[in-house]
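# Structural overview for review
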Amino acid sequence: MEILGMSLALVVMFVGFGLLIGILFGFFGMGGSFLVTPALLVMGYDANVAVGSGLAFVFGTSVIATLKHRDLGQVDYKLGVLMIAGTTAGIEVGKIGLEFLQHIGLAGSVVSVAYVLLLGGIGVFVTYEALKGGGGGLEHDVDEDADVDEAEIPEIAQKIQSYRVPPMISIRGGFTVSLWMVLAVAFATGLLSGFLGVGGGFIRMPALFYLIGVPVPVAVGTDLFEIVFSGGIGSFLYAQSGAVDLSIVAPLLAGSALGARVGAAATDLVDEDDIKVYFGIMLLLGSIAVAVREVGGLLDMPVLDTVSLAIILGAALLVSGAVVYSGVTMLRDEAQTVSSVAD
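Since this is a predicted model, take the numbers as computed values, not measurements. (Residues numbered from 1 in each chain as written. Predicted model: local features only at pLDDT ≥ 70, side-chain atom pairs only at ≥ 80, totals over all residues. Heavy atoms only, no water.)

### Digging into the overall build of the chain
The condition is simple: Working definition: helices are DSSP H or I runs of at least four residues, strands are E runs of at least two. Numbering for both runs from the N terminus. Burial classes: relative accessible area under 20% of the type maximum marks a residue as buried, over 50% as exposed, and values in between as partly exposed (1.4 Å probe, protein chains only).
Check the secondary structure of the chain and you find 12 helices and four strands. Each of the 343 residues in the chain was classed as buried or not, and the buried ones make up 49%.

Here it is, written out as structure tokens:
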């Protein structure tokens, strides 16, 4: 039996894969093309089809996840638009740096090493901060007009907020920050994204929290709002050249339609420090997977590409399972609390 020109088994696999990635996407605000593109490459799809279909999937999933975060009051549209402006400028400058490295023949090695170090470095930092309890335990029910205790905001973010350079803007979470500080952070994250040639969700989400002080659930929702635009533009450009395969995208989106809403809903239930621990673990395992793939390229050992993909898929399965388990546990605990109060 065939559906969309594929065997039923392949369609079911793509739907399940979409569900898995959708949970991660809705929960972290990243993880789509980071997982889909290498999987499609290992399955034998052409590079342009893998990238184009991955971007189309990211666009569709980010729309679904953003709508859920909007329902939970976890999207700061004003901040999102400012971040888009800043990151766009940063990406252009980063691309210039990348083109220079390509001109002198060092792009491949420099970008690969930088990507692994950045991915692993952010993962170690976020995990360490969460485990020591120094990342700030902001409440999950975010009130736009609520005052946020400074002790709950990372020290770097407090420092950035202390620069009262007008114009000042209000951020969802109950604090104000200089417009120029927001644009500077956005430019820096865009610079890294453009230099590394990646979407940058794994850079923006922690930057919004640790550098600006945005509550983690709002950082995830706002990051997803940005990805709607970047993913939409990217998939449109690839679609024009016929590089978007709907037989791949459709079953992936069928699975992620549920997964993205589950992941987004979990951010309103799971403790913020747990969110950061899961995020850090995902990045650490991702850096290992990328390192394994690069070593495979250097040693001309294609089998390491499969090992890299297995690490990525294993990490996705492990972390998404932990997210769902934590969310269900919190719901059960809340139900028991309500039941005991009623009694």
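### Side note on the pattern of salt bridges
Put simply, the rule reads: Any carboxyl oxygen of Asp or Glu within 4 Å of a side-chain nitrogen of Lys or Arg constitutes a salt bridge here.
Inspection of the entire model under this criterion finds four salt bridges. Here aspartate 223 ties to arginine 204 by a salt bridge, and the two come within 2.7 Å at their closest N and O atoms. With aspartate 223 in helix H9 (residues 216-240) and arginine 204 in helix H8 (residues 201-212), this pair connects stretches of sequence that are 19 residues apart. Residues glutamate 226 and arginine 204 are paired through a salt bridge, measuring 3.5 Å at the closest nitrogen-oxygen approach. Placement of glutamate 226 in helix H9 and of arginine 204 in helix H8 is noted, with a sequence separation of 22 residues between them. Classification of glutamate 226 by relative accessible area gives buried; the value is 3%. For arginine 204, a relative accessible area of 5% puts it in the buried group. Shared partners join several salt bridges into a network, and the residues in it are Arg204, Asp223 and Glu226.

### Section: empty space enclosed by the protein
Rules: Here a cavity is any set of points on a 1 Å grid over the protein atoms alone where a 1.4 Å probe fits but cannot get out, and a pocket is any open set with protein on both sides within 12 Å along at least 5 of 7 lines; a residue lines the site when it has an atom within 4 Å of a point. Grid points are joined across faces, edges and corners, and a volume is the space filled by probe spheres set on the points. Amino acids outside the nonpolar list (Ala, Val, Leu, Ile, Met, Phe, Trp, Tyr, Cys, Pro) and the charged list (Asp, Glu, Lys, Arg) are all regarded as polar, and Gly is one of them.
This structure, assessed with the given rule, holds one cavity of 30 Å³ or more. In this structure, the largest cavity spans a volume of roughly 30 Å³. Val126, Met205, Pro206, Phe209, Tyr210, Val216, Lys276 and Phe279 together form the lining of the largest cavity. Contributions of two or more residues to the lining of the largest cavity are made by H8 and helix H11 (272-298). The dominant element in the lining of the largest cavity, judged by the number of residues it contributes, is H8, at four residues. Class assignment for the residues of the lining of the largest cavity results in seven nonpolar, no polar and one charged.

### Remarks on the side chain of threonine 189
What counts here: Counted as a polar contact is a pair of N or O atoms within 3.5 Å, where, for protein atoms, one must be capable of donating a hydrogen and the other of accepting one, and residues adjacent in sequence contribute only when both atoms are in side chains. What makes two residues a contact is simply this: any of their non-hydrogen atoms within 4.5 Å.
Take threonine 189: it is sitting in helix H7 (residues 179-196). Of the polar contacts made by the side chain of threonine 189, one reaches the backbone oxygen of alanine 186; its length is 2.8 Å. Those residues in contact with threonine 189 that lie beyond four places of it in its chain are Met83, Thr87, Ile203, Arg204 and Ala207.

### Examining the packing of H8 against H9
Threshold: For every element, the axis is a line fit to its C-alpha atoms; helices are fit only across the contacting stretch, and the angle between N-to-C directions ranges from 0 to 180 degrees. Here the word oblique covers every angle except those under 35 degrees (roughly parallel), over 145 (roughly antiparallel) and from 65 to 115 (roughly perpendicular). Handedness of a helix crossing follows the sense of rotation of the near helix relative to the far helix, less than a right angle counterclockwise being left-handed and clockwise being right-handed.
Relative to each other, H8 and H9 sit at 140 degrees, their axes nearing to 9 Å. With respect to each other, H8 and H9 are oriented oblique. H9 is crossed by H8, and the crossing has right-handed handedness. In this structure, H8 contributes Gly201, Arg204, Met205, Leu208 and Phe209 to the contact, and H9 contributes Val216, Ala219, Val220, Thr222, Asp223, Glu226 and Ile227.

### A closer look at the confidence of the model for the chain
We apply this condition: What pLDDT conveys is the predictor's confidence in a given residue, as a value from 0 to 100.
Of the residues in the chain, 88% have a pLDDT of 70 or more, and the chain-wide mean is 81. Looking across the chain, the model is least confident in strand E1 (residues 2-3), with a mean pLDDT of 58, and most confident in helix H10 (residues 246-266), with 89.

### Points about the UniProt feature "transmembrane region" (unreviewed entry) in the chain
Rules: UniProt positions are given in the numbering used here, feature names are shortened, and annotations may be inferred rather than shown by experiment.
Residues annotated by UniProt as "transmembrane region" (unreviewed entry) correspond here to residues 7-29, 49-67, 104-128, 177-202, 208-229, 236-257, 277-295 and 307-328. Annotation note: span residues 7-29, helix share 91%, strand share 4%, distance between end C-alpha atoms 31 Å. From the first C-alpha to the last, residues 307-328 spans 31 Å; its make-up is 100% helix and 0% strand.

### Re the nonpolar core
Put simply, the rule is: Throughout, nonpolar core names a set of buried Ala, Val, Leu, Ile, Met, Phe, Trp, Tyr and Cys residues whose side chains join them through atoms within 4.5 Å.
One finds Ile212 and Val214 to be the most contacted residues of the largest nonpolar core, which totals 72 residues. Here this core gets nine residues from one element, more than from any other, and that element is helix H1 (residues 8-28). Beyond its immediate chain neighbours, meaning those up to four positions away, valine 214 contacts Leu79, Ile171, Phe175, Leu208, Phe209 and Ala219.

### So, the environment of glycine 123
One can find glycine 123 in helix H5 (residues 107-132). Taking the C-alpha atoms as reference points, glycine 123 and glycine 286, separated by 163 residues in sequence, lie 9.1 Å from one another. Those residues in contact with glycine 123 that lie beyond four places of it in its chain are Gly280, Leu283 and Leu284.

### What about the pairing of strand E3 (residues 168-171)?
Test applied: DSSP-based pairing: two strands are paired if at least 2 bridges between them are found.
Residues Ile169 and Ile171 point to one face of E3 and are all buried, whereas Met168 and Ser170, pointing to the other face, are not buried. In this sheet, strand E4 (residues 175-178) lies alongside E3 in antiparallel orientation, the contact comprising four bridges. Residue pairing for E4: serine 170 is matched across the bridge by threonine 176.

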